[in-house]
Amino acid sequence: MFQPTESQKIGIGLVGFGIFFLFLGTVLLFDKGLLAIGNILFISGIAFIVGLRRTGRFFFQPNKCKGSAFFFGGVVIVLLGWPIVGMLSELYGFFLLFEGFFPFVIEFLRRIPGVGRMLNLPWIDRFCEKLIGDNRGSIV
C-alpha cells in the first residue's frame, strides 16, 4: 500500500481545501476572493504532492506551454478581478494540460459499477468517445 510522506499529506490537504474553495467560489457567483484562495491552495498542494522540480517539468514542457499559459493566465486574471473570464481560461488550460490523462480516467470510471452504467448512456458515451478521441493509449 502507498504511504504518503508528511509533505504529500500536507499537499493532499491543500488540494482538498483548494477544490473546496474553488467550488464555493463558483457556487457563490464567482466570488473572486474565494476563487483566488482556491487557486493558490490547489497549485501549492500539487507542488507539495509531486515536488517542485517535477511540477515545473510538467507545466513547462514544450508541448504543454499553451495549456500552461492559459491555466496560469487564468489564475492571474482571477487575481486581477475578472473571475468568470479567468475561470474559463483556467478550464481551457486544464483540458489542454491533462488531455492525455482523460482516456485512462474514463476507462477507470467505466469499471465502477454505478458510474460505468451512467457513462454508457448513449449521449454521455458519445461525449466520452469524443473527449478521448485519438488519445486512447497515448501514455504508457
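The name given to the protein in an unreviewed UniProt entry is Vesicle transport protein GOT1B, with Orchesella dallaii as the source organism. One UniProt comment on the protein, placed under Sequence similarities (unreviewed entry), says "Belongs to the GOT1 family."

1. A short note on the pattern of salt bridges
A side chain of one charge can pair with a side chain of the opposite charge if their charged atoms are brought near each other. Counted according to the given criterion, the structure contains four salt bridges. The partner of Arg110 in a salt bridge is Glu107, with the nearest N and O atoms 3.3 Å apart. One end of the pair, Arg110, and the other, Glu107, are both in helix H6 (residues 102-110), three residues apart, so they sit about a helical turn from each other. By relative accessible area, which is 26% here, Glu107 ends up partly exposed. The salt bridge involving Asp125 is made with Arg110; its shortest N-O contact spans 2.9 Å. Note that Asp125 is positioned in helix H8 (residues 122-132) and Arg110 in helix H6, a separation of 15 residues in sequence. According to the relative accessible area criterion, Asp125 is partly exposed, its value standing at 25%. When its relative accessible area of 19% is taken as the criterion, Arg110 is described as buried. Beyond isolated ion pairs, a larger network of salt bridges with shared partners links Glu107, Arg110, Asp125 and Glu129.

2. Some points on the layout of surface pockets
Within this model, the largest pocket holds a volume of roughly 320 Å³. Residue lining of the largest pocket: 14 residues in total, with Leu22, Met87, Glu90, Leu91 and Phe94 positioned closest to the centre. Elements that contribute at least two residues to the lining of the largest pocket include exactly helix H1 (6-27), helix H2 (32-50) and helix H5 (83-98). The greatest single-element share of the lining of the largest pocket, amounting to seven residues, is contributed by H5. A breakdown of the residues in the lining of the largest pocket according to their chemical character gives 11 nonpolar, two polar and one charged. Volume-wise, the second largest pocket comes out at about 180 Å³. Along the wall of the second largest pocket there are 11 residues; nearest its centre are Asn63, Lys64, Leu96, Leu97 and Glu99. Breaking the lining of the second largest pocket down by element, the ones donating at least two residues are helix H4 (65-80) and H5.

Reading the values: rules and limits
Residues numbered from 1 in each chain as written. Predicted model: local features only at pLDDT ≥ 70, side-chain atom pairs only at ≥ 80, totals over all residues. Heavy atoms only, no water. UniProt positions renumbered as here; feature names shortened; annotations may be inferred. Salt bridge = Lys/Arg side-chain N within 4 Å of Asp/Glu carboxyl O. Helix = DSSP H or I, 4+ residues; strand = E, 2+ residues; numbered from the N terminus. Buried < 20%, exposed > 50% of the residue type's maximum accessible area, 1.4 Å probe, protein only. 1 Å grid on protein atoms, 1.4 Å probe; cavity = no way out; pocket = protein on both sides within 12 Å on 5 of 7 lines; lining within 4 Å. Points joined across faces, edges and corners; volume = space filled by probe spheres on them. Nonpolar A, V, L, I, M, F, W, Y, C, P; charged D, E, K, R; others polar.

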